[in-house]
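Reading the structure
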Amino acid sequence: MKKHLSWVPVAFAAAVLFAGCQSTTTPENQTTETVAKTYTIEQFMNTIAIGGSDFSPDNSKVLYSSNQTGVYNAFEVPVTGGEPRQLTSSTDNSIFVISYFPKDERILYSSDKGGDEITHLYMRNPDGSSKDLTPEPKAKSTFAGWSHDQNSFFFLSNKRDARYFDLYEMDVKTLTPKLVMQNEQGFDVGAISSDKKYIGLIKSINTNSSDMYLYNTETKQLKKLTDHKEDIKYAPETFTPDNKQLYFLTDEGGEFQQLKSYDVATGKIADVEKADWDIMYTYFSRDGKYRVTGINNDARTEVKVYEAATGKQVQLPDVPAGDITGINFSDDENMMAFYVNSPTSSSNLFVHDFRNDKTTQLTNTMNPEINPDDLVKAEVIRYKSYDGLEIPALLMKPKNASASNKVPAVLWIHGGPGGQTRLNYNPLMQYLVNHGYAVLAVNNRGSSGYGKTFFAADDQKHGDVDLKDCVEAKEYLAKSGYIAEDKIGIMGGSYGGYMVLAGLAFTPDEFAVGVNLFGVANWLRTLQSIPPYWESFRLALYKEMGNPETDSAALYNKSPLFFANQIKKPLMVLQGANDPRVLKVESDEIVAAVKKNNVPVEYVVFEDEGHGFVKKENQIEGYSAILTFLDTYLKGKPTGTGSGTSN
């Protein structure tokens, strides 16, 4: 099966990515002030965000998505470099490329309506016309890989039952789908063998545990491959090119996910690859010449490429400093497309030709008006929480921060629960730091990437132990010597937005302000209204967060809405009207409740966005409104209300 790495943009802070060098020591106070040029939000957003990649059938071009036009559209660029060509011209709904059709110039892409997450698969013809290949209006469809013979592709759809995703195969000539596997038990598809005979499946037990199954498409037999009483994760990743082994990830016997193999014929399990951190993924090039592994190395991505036949590690190309991600091979395995994301630069697309050992940079996405020397790196720090547990975090501080020039600061709390703020370029954080704010992104207990014990440490204790980690992060900043102790706020998106509301409601004297991006205010409603297509994960989520039918008292007590009368610090809320995960009513109600306290409240709603904001004009409005709010209520600068806000 020909795979393409799925790619979704970082949507306005649903999950924030940082990039930078690493350090495990507390940074020393700066004693000299450095002046950096200040840039506007328009200048920051003139940097282009791109993602996805695929080689054209003749290997002359690379396909990718870009928000150069304000929303994501499809572009292609010659592998030798040159001017990109825009292929689609959407002005409202973002288009995320999947691939070219393997034997012609048609392209396959995914899109939804205004962020509603009901994604459909579309085909763009060479003449520019497009066709919806999955037209059922209420059904969500996602790409699941090309067949190895390249005569079809697989996709998942919940058109039969809104709760479950069945697996289909679409013939590229007739564009007629055929049901491959009817999903009645809430499985997630992990891997499909290149001979189409086997499907590796995942069954969630809870967020810390899962089972693995093997489905035979010929005999229709389903075989359970795992048997365990303790919490262990198992996840099929890929089949070997000869279809004899299923490679899977598991944290069995240790803290971190390792790569193992299951022999289809004998059932024998063997070790394949280990690391000191979680292995995030592994996959083969089309005919198995290369294998790629991604490792979550202390919040950064470490990629390794192997010659599959020998196991020898391939020397990666010499490129600008940063993480290599998104590796994709041409079908003939002679070329490799990949991204590089550096501490002070957004992602750029490269192509490496193995035949002449030549690497070509295909894009230059940073706004040339921004001097990279004016941007700041992020560094990994660790601090002790209330109970002695060591908490990792990513620190960005203004160049002029010092003991003689103390600056305000904002905690950034990631989404999830169970997410992770990673080292990568992020325009919002650079914008805030460029305007004088230190940012500390907290990977509180419950975050992924630091072992299964750390990941499970906040289960059924949300809004308590994880919030205490955030309070201790504030104390860490207050003791740094270069932060204004009374000017530390808290900000976050999705679950991080909940943590903002929890911080203001449950520890009302700790944080000076809060910025909540589409965060949960009422867990009872949110858990009762999760989309039907989350059914395979619903019980696992209930086991982590609580069941609204049986744990209503506990969920009530961790819901900030019911304690909004305790909020006394300025609050800003941003929300997408089409959000299917955290409904707009959540933000409406918390805003109305806090206003009764005679507390400054600003509310920004985007009618054409969902769970995260992907349109450039909305990002510009939202980012600038956040800065205006912080300048007014945290920094204490009399700047007025700013665009996009209402009181």
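Preceding this paragraph is the structure being described.
Rules used throughout
Residues numbered from 1 in each chain as written. Predicted model: local features only at pLDDT ≥ 70, side-chain atom pairs only at ≥ 80, totals over all residues. Heavy atoms only, no water. Helix = DSSP H or I, 4+ residues; strand = E, 2+ residues; numbered from the N terminus. Buried < 20%, exposed > 50% of the residue type's maximum accessible area, 1.4 Å probe, protein only. Contact = heavy atoms within 4.5 Å. Areas by Shrake-Rupley, 256 points an atom, 1.4 Å probe, with all protein chains shown as cover. Lys, Arg positive; Asp, Glu negative; His and termini not counted. Charge placed at Lys NZ, Arg CZ, Asp CG, Glu CD. Salt bridge = Lys/Arg side-chain N within 4 Å of Asp/Glu carboxyl O. Polar contact = N/O pair within 3.5 Å; in protein donor to acceptor, adjacent residues only side chain to side chain. Pairing = 2+ DSSP bridges. Axes fitted to C-alpha atoms, helices over the stretch in contact; angles between N-to-C directions. Right-handed = clockwise from strand over helix to strand, strands pointing away. Left-handed = near helix turned anticlockwise from the far one by under 90°. Core = buried A, V, L, I, M, F, W, Y, C linked by side-chain atoms within 4.5 Å. Phe/Tyr/Trp six-rings, centres within 6.5 Å; stacked < 30°, edge-to-face > 60°. Lys NZ or Arg CZ within 6 Å of the ring centre and 35° of its normal.

Topic: the overall build of the chain
Of regular secondary structure, the chain possesses ten helices and 37 strands. Dimensions of the chain, computed from the C-alpha atoms along their principal axes, are close to 65 × 60 × 45 Å. Here the chain holds 647 residues, and the buried ones make up 62% of them. Looking at the chain alone, contacts between residues at least 24 apart form 56% of all its contacts between residues at least 6 apart. Only carbon and sulfur atoms are counted for the fraction: they give 47% of the accessible area of the chain, which is about 24700 Å². The positive charge centre, built from 65 side chains, and the negative charge centre, built from 82, are 2 Å apart in the chain.

Let's talk about the pattern of salt bridges
Side chains bearing opposite charge may pair, as long as their charged atoms lie close to each other. Inspection of every chain in the model, using the stated rule, returns 32 salt bridges. Across the pair Lys61 and Glu76 runs a salt bridge whose closest N-O atoms are separated by 3.6 Å. One end of the pair, Lys61, is in strand β3 (residues 61–66); the other, Glu76, is in strand β4 (residues 73–78), with 15 residues separating them in the sequence. Each member of the pair, Lys61 together with Glu76, is buried. Here Lys159 makes a salt bridge to Glu136, at a shortest N to O gap of 3.6 Å. Of the two residues, Lys159 is situated in strand β11 (residues 152–161) and Glu136 in the loop between β9 (130–132) and β10 (141–146); the sequence distance between them amounts to 23 residues. Classification of Lys159 by relative accessible area gives partly exposed; the value is 34%. Classification of Glu136 by relative accessible area gives partly exposed; the value is 27%. Several salt bridges share partner residues, and in doing so they unite Lys61, Glu76, Arg85 and Glu105 into one network.

Regarding the side chain of Asn443
Secondary-structure assignment places Asn443 in the loop between β33 (438–442) and α3 (452–455). For Asn443, the side chain forms a polar contact with the side chain of Tyr450, separated by 2.9 Å. Apart from the residues within four sequence positions on either side, Asn443 is in contact with Ile391, Pro392, Ala393, His414, Gln420, Thr421, Tyr450 and Phe454.

Details of the sheet that holds strand β25 (residues 323–329)
Spatially, β25-β26-β27-β28 is the arrangement adopted by the four strands of the open sheet, whose pairing is antiparallel. Both edges of this open sheet fall to β25 and β28 (358–361), since each of them pairs with a single strand only. If you compare each strand with its neighbour and ignore which way they point, the axes differ by 25° on average. The sheet contact formed by strand β26 (residues 335–342) and strand β27 (residues 345–353) spans seven bridges and is antiparallel. Note that in β27 the partner of Met336 across the bridge is His352.

Points about the sheet that holds strand β18 (residues 234–239)
Taken in spatial order, the four strands line up as β18-β19-β20-β21 in an open sheet, and their pairing is antiparallel. For this open sheet the edge positions go to β18 and β21 (269–273), each flanked by a neighbour on one side alone. Pairwise comparison of adjacent strand axes, ignoring direction, gives a mean angle of 35° for this sheet. As defined by bridge partners, strand β20 (residues 258–263) adjoins β21 across four bridges and the pair is classed as antiparallel.

With respect to the pairing of strand β36 (residues 571–576)
Burial runs high along β36: six of the six residues are buried. The alternating pattern of β36 places Leu571, Val573 and Gln575 and Met572, Leu574 and Gly576 on opposite faces, both of which are buried. Of the pairings in the sheet, the one linking strand β35 (residues 514–517) to β36 comprises four bridges and is parallel in character. In the strand pairing of β36, Gly514 is matched with Leu571. When β36 meets strand β37 (residues 601–606), the two strands line up parallel, connected through six bridges. By the bridge assignment, Gly576 is partnered in β37 with Phe606. Considered for its hand, the β-α-β crossover made up of β36, helix α9 (residues 584–595) and β37 is right-handed.

Points about the packing of helix α2 (residues 427–434) against helix α10 (residues 616–633)
Where α2 contacts α10, the axes come no closer than 11 Å and their chain directions differ by 35°. Here the hand of the crossing between α2 and α10 comes out right-handed. Of α10, the residues touching α2 (which contributes Pro427, Leu428, Tyr431 and Leu432) are Tyr623, Ser624, Ile626, Leu627 and Leu630.

Focus: the side chain of Thr134
Its location among the elements puts Thr134 in the loop between β9 and β10. Residue classification places Thr134 among the buried residues on the basis of a relative accessible area of 3%.

Focus: the environment of Asp195
As for its placement among the helices and strands, Asp195 is situated in the loop between β14 (188–192) and β15 (198–206). For Asp195, a relative accessible area of 41% translates into the label partly exposed. Separated by 48 residues in sequence, Asp195 and Ser147 place their C-alpha atoms 8.2 Å apart. At a separation of 3.0 Å, a polar atom in the side chain of Asp195 contacts the main-chain amide nitrogen of Lys197.

As for the environment of Pro408
Topologically, Pro408 is positioned in strand β31 (residues 407–413). Spatially, the C-alpha atom of Pro408 lies 33 Å from that of Thr325, the residues being 83 residues apart in sequence. If we skip the residues at most four places from it in the chain, Pro408 touches Gly436, Tyr437, Ala438, Lys487, Leu634 and Lys635.

Focus on the nonpolar core
Judged by nonpolar contacts, the single largest core of 110 residues is most densely connected at Leu411, Leu432 and Leu630. With eight residues, helix α5 (residues 495–506) is the single largest residue contributor to this core. With sequence-adjacent residues up to four places away left out, Leu411 is seen in contact with Leu440, Val442, Cys470, Ala473, Lys474, Leu477, Gly489, Ile490, Met491 and Phe511.

Quick notes on the pairing of β26
Taking burial as the measure, the eight residues of β26 include eight buried ones, the bulk of the element. Along β26, one buried face is formed by Met335, Ala337, Tyr339 and Asn341 and the opposite face, lined by Met336, Phe338, Val340 and Ser342, is buried too.

Considering the packing of aromatic side chains
All chains considered together, the criterion is met by 33 aromatic pairs. Taking NZ or CZ as reference, Lys397 lies 4.2 Å from the ring centre of Tyr482, over its face. In this structure, Lys468 is placed above the aromatic ring of Tyr386, and the distance from its NZ or CZ to the ring centre is 4.9 Å.

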